[in-house]
Amino acid sequence: MRWLLGILINALLFVAMAGYFEGFEVSSFGSAVVASFILSILNVLVRPILIILTFPITLITLGIFLFVINAITLMMTDRLMGDAFNFEGFGTAFLVAVIMSIANLIIQKAVFSNKREE
């Protein structure tokens with residue numbers, strides 16, 4: 001249930017951020033849900049490999065390079081989705097990755113930590 005809620009939260013974030021950034025387009029909420037699902041699969045399968053391969057640079061940058069890895073997975077999602085989910089460049093994907101990471105951190109603290117306390 002938590003995984004499905006995370007996919008819906010990411011889809012809402014995608015739609016909201018597509019309204020703010022000219023270089024980021026989402027054709028519909030349905031395509032945002034599909035993109036969020038693909039991103040979650042990439043985060044399970046590809047992201048750990050990228051983290052292991054880039055561990056030295058991630059260590060040197062004190063974890064900041066993880067935002068680059070998040071942007072790479074967003075660009076991979078863009079390629080898999082086609083025209084329904086589109087980033088104009090890596091800079092836009094990087095900015096969206098940073099904002100999504102911060103928003104997900106805040107939302108998870110607010111939503112999921114309250115459920116544990118009850």
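Residues numbered from 1 in each chain as written. Predicted model: local features only at pLDDT ≥ 70, side-chain atom pairs only at ≥ 80, totals over all residues. Heavy atoms only, no water.

The chain has the name Phage holin family protein in an unreviewed UniProt entry, where Heyndrickxia vini is given as its organism.

Student: Would you mind showing me how to read the nonpolar core here?
Tutor: In summary, soluble globular proteins display a tendency toward joint burial of nonpolar side chains. Membership of the largest hydrophobic core comes to 24 residues, with the highest contact counts inside it found for Phe 14, Phe 24, Val 26, Leu 74, Phe 85, Phe 87 and Val 96. Elements represented by at least two residues in this core include exactly α1 (2-20), β1 (24-26), α2 (29-45), α5 (65-81), β2 (85-87) and α6 (90-117). Counting residues per element, this core draws most heavily on α1, at six residues. Dropping the residues within four chain positions of it, Phe 85 is found in contact with Phe 14, Phe 24, Glu 25, Val 26, Ala 35, Leu 74, Thr 77 and Asp 78. (Core = buried A, V, L, I, M, F, W, Y, C linked by side-chain atoms within 4.5 Å. Buried < 20%, exposed > 50% of the residue type's maximum accessible area, 1.4 Å probe, protein only. Helix = DSSP H or I, 4+ residues; strand = E, 2+ residues; numbered from the N terminus. Contact = heavy atoms within 4.5 Å.)

Student: What should I look at first to understand the UniProt feature "transmembrane region" (unreviewed entry) in the chain in this one?
Tutor: Taking the UniProt record as the reference, the feature "transmembrane region" (unreviewed entry) is found at residues 28-46, 53-77 and 89-107. Helix makes up 80% of residues 53-77 and strand 0%, and the two end C-alpha atoms of the span are 20 Å apart. Overall, residues 89-107 shows 95% helix and 0% strand. The separation of its end C-alpha atoms is 27 Å. (UniProt positions renumbered as here; feature names shortened; annotations may be inferred.)

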